[in-house]
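As a plain string of letters, each chain reads:
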Amino acid sequence: MTQLSPALGRRAVRLAAPAWFQKYGVYTAVAALLVYNAAFTDHFLTAANLRTQLVQVAPVVIVALGMALVIGTEGVDLSVGSTMALATALLPLYLGYGIVPALLVALVAGVVVGAVNGTLVAVVGLQPIVATLALFVGGRGLALVMADGQLKQIENADLLALGSGEVLGIPDVVLIAGVLALVVAGVVHRTTFGRQLVAVGGNRAAARLAGLPVTRVLIGVYVLCGVLAALAGVLATARLTASDPSALGNLMELSAITAVVVGGTPLTGGSVRVLGTVTGALLMQLLRATLVKHDLPDSTAQMAQAAIILVAVYVARERRSR
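Predicted model, so just to flag it, every value in this text is computed and none were measured.

Caption draft 1: Molecular detail of the pattern of salt bridges. Under the criterion given, the structure shown has one salt bridge. Glutamate 166 is the partner of arginine 51 in a salt bridge, and the nearest nitrogen-oxygen pair spans 2.8 Å. Separated by 115 residues along the polypeptide, arginine 51 in helix H2 (residues 47-72) and glutamate 166 in strand E2 (residues 166-167) bring together distant segments of the chain. Classification of glutamate 166 as partly exposed rests on a relative accessible area of 44%.

Caption draft 2: Broad picture of the packing of helix H8 (residues 192-202) against helix H10 (residues 214-240). Across the interface, H8 lies against H10 with an axial gap of 10 Å and an inter-helix angle of 105°. Classed by the angle they form, the pair H8 and H10 counts as roughly perpendicular. Each of Phe193, Gln196, Leu197 and Val200 in H8 lies in contact with H10, whose residues at this interface are Val214, Val217, Leu218, Gly220, Val221 and Leu224. Considering only residue class, the contact of H8 with H10 consists of eight nonpolar, two polar and no charged.

Caption draft 3: Structural detail: a nonpolar patch on the surface. Judged by side-chain polarity, Val123, Val124, Leu126, Ile129 and Val130 come together as a nonpolar surface patch covering roughly 430 Å² of accessible area. When residues of the nonpolar patch are traced back to their parent elements, those giving at least two are helix H4 (99-124) and helix H5 (128-146). Note that leucine 126 resides in the loop between H4 and H5. Exposure remark for leucine 126: the relative accessible area of 34% places this residue in the partly exposed category.

Caption draft 4: The packing of aromatic side chains, seen in detail. What the rule picks out here adds up to two aromatic pairs. Measuring from ring centre to ring centre gives 5.1 Å for tyrosine 36 and phenylalanine 40, while their planes differ by 40°; the resulting arrangement is tilted. With tyrosine 36 and phenylalanine 40 both in helix H1 (residues 6-40) and four residues apart, this pair spans about one turn of that helix. Classification of tyrosine 36 as partly exposed rests on a relative accessible area of 35%.

Caption draft 5: Structural context of the nonpolar core. Leu65, Met67 and Met84 are the most contacted members of the largest nonpolar core, which totals 65 residues. It is H2 that contributes the most residues to this core, 14 residues altogether. Residues in contact with leucine 65, not counting those within four places in the same chain, are Ala177, Leu180, Ala181, Val184, Leu228, Val274, Thr277 and Val278. Ile99, Ala106, Ala230 and Ala238 belong to the second-largest nonpolar core, a separate cluster that totals eleven residues.

Caption draft 6: Quick look at the environment of arginine 140. Mapped onto the secondary structure, arginine 140 falls in helix H5. According to the relative accessible area criterion, arginine 140 is buried, its value standing at 13%. The sequence separation of arginine 140 and glycine 220 amounts to 80 residues, and the corresponding C-alpha distance is 23 Å. Ignoring anything within four residues of it in the chain, the contact list for arginine 140 reads Gly81, Ser82, Ala85, Leu135, Pro245, Ser246, Ala247, Leu248, Gly249 and Asn250. A distance of 3.0 Å separates the side chain of arginine 140 from the backbone oxygen of leucine 248, its partner in a polar contact.

Caption draft 7: Structural context of the packing of H2 against helix H11 (residues 252-262). Close contact between H2 and H11 brings their axes to 8 Å; oriented N to C, the two are set at 65°. One way to sum up the angle between H2 and H11 is to call them roughly perpendicular. Crossing hand, H2 versus H11: right-handed. Between H2, through Pro59, Val60, Val63, Ala64, Met67, Ala68 and Ile71, and H11, the contact on the second element is made entirely by Met252, Glu253, Ser255, Ala256, Ile257, Ala259 and Val260. Split by residue class, the contact of H2 with H11 holds twelve nonpolar, one polar and one charged.

What counts, and at which threshold
- Residues numbered from 1 in each chain as written.
- Predicted model: local features only at pLDDT ≥ 70, side-chain atom pairs only at ≥ 80, totals over all residues.
- Heavy atoms only, no water.
- Salt bridge = Lys/Arg side-chain N within 4 Å of Asp/Glu carboxyl O.
- Helix = DSSP H or I, 4+ residues; strand = E, 2+ residues; numbered from the N terminus.
- Buried < 20%, exposed > 50% of the residue type's maximum accessible area, 1.4 Å probe, protein only.
- Axes fitted to C-alpha atoms, helices over the stretch in contact; angles between N-to-C directions.
- Parallel < 35°, antiparallel > 145°, perpendicular 65-115°, else oblique.
- Contact = heavy atoms within 4.5 Å.
- Nonpolar A, V, L, I, M, F, W, Y, C, P; charged D, E, K, R; others polar.
- Patch = residues over 30% accessible without salt bridge, like charges linked within 9 Å, V, L, I, M, F, W, Y side chains within 5 Å.
- Areas by Shrake-Rupley, 256 points an atom, 1.4 Å probe, with all protein chains shown as cover.
- Phe/Tyr/Trp six-rings, centres within 6.5 Å; stacked < 30°, edge-to-face > 60°.
- Core = buried A, V, L, I, M, F, W, Y, C linked by side-chain atoms within 4.5 Å.
- Polar contact = N/O pair within 3.5 Å; in protein donor to acceptor, adjacent residues only side chain to side chain.
- Left-handed = near helix turned anticlockwise from the far one by under 90°.

Below you can see the structure in the form of structure tokens.
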């Protein structure tokens with residue numbers, strides 16, 4: 001048998017390391033954090049604390065699922081936080097008609113935002129970061145106008161039940177996030193739309209030449225992202241028991257992008273890692289909670305997250321370049 005020279009062996013290791021890190025790094029990091037907290041953080045792995053962490057990360061997971069679909073097409077959606085603000089601003093205006101009409105109006109707002117973003121990207125031809133930046137700014141402004149710039153308490157029992165209810169001890173918001181993750185995974189891996197999405201992200205020009213409905217796919221992806229962001233806004237409102245468009249969803253776009261990138265979905269498109277995205281969101285939540293438990297300021301958590309993002313992007317870049 002032919003043996004590899006030491007130089008070729010080292011090169012093979014260098015080639016394999018970025019691929020392994022991008023594929024399994026986020027799971028290893030979560031496991032390491034859990035082991036560290038089990039050993040050095042009092043009461044961290046209790047059922048009550050883990051429940052709290054899952055409830056807090058659930059809206060991020062829901063938004064990140066939509067963001068993963070958009071990034072899979074080599075796009076980005078900076079308006080998800082503003083979409084959450086629009087949803088929370090609309091809820092008090094329509095809760096008087098019942099929970100179902102109010103929810104439908106909030107979700108329709110997500111559809112409209114997504115359709116506008118998708119049209120600007122797919123039809124007008126704007127860069128995704130430019131197209132969604134408009135609603136990033138204007139969407140929250142519109143939400144503040146609708147709410148008169150005021151925080152409004154939510155008293156509707158049906159809506160509040162979404163934030164505090166549970167099934168077999170599992171909070172409703174966590175169950176909803178888990179079901180949506182399964183649905184999105186099924187869409188990506190088991191449907192024609194999912195395969196078209198990945199093809200468009202891999203090479204949009206080739207997908208168009210192959211006869212794929214590129215415009216329809218792009219608009220559909222942004223609509224799904226908008227609906228998921230609006231739903232996250234509804235659930236966050238129910239959990240907080242108040243509608244606050246000035247604060248709800250602030251920096252959510254950055255949290256979602258971080259979860260997607262750290263989870264292994266490349267910014268260049270052509271791939272969507274749903275489980276990685278969910279784990280990436282959980283990693284960021286556990287990291288922040290760990291630092292808080294050890295009396296470190298939130299600014300330290302933000303710097304740690306920035307370092308993780310840089311490592312994830314660098315590893316993806318190294319893998320592509322080789």
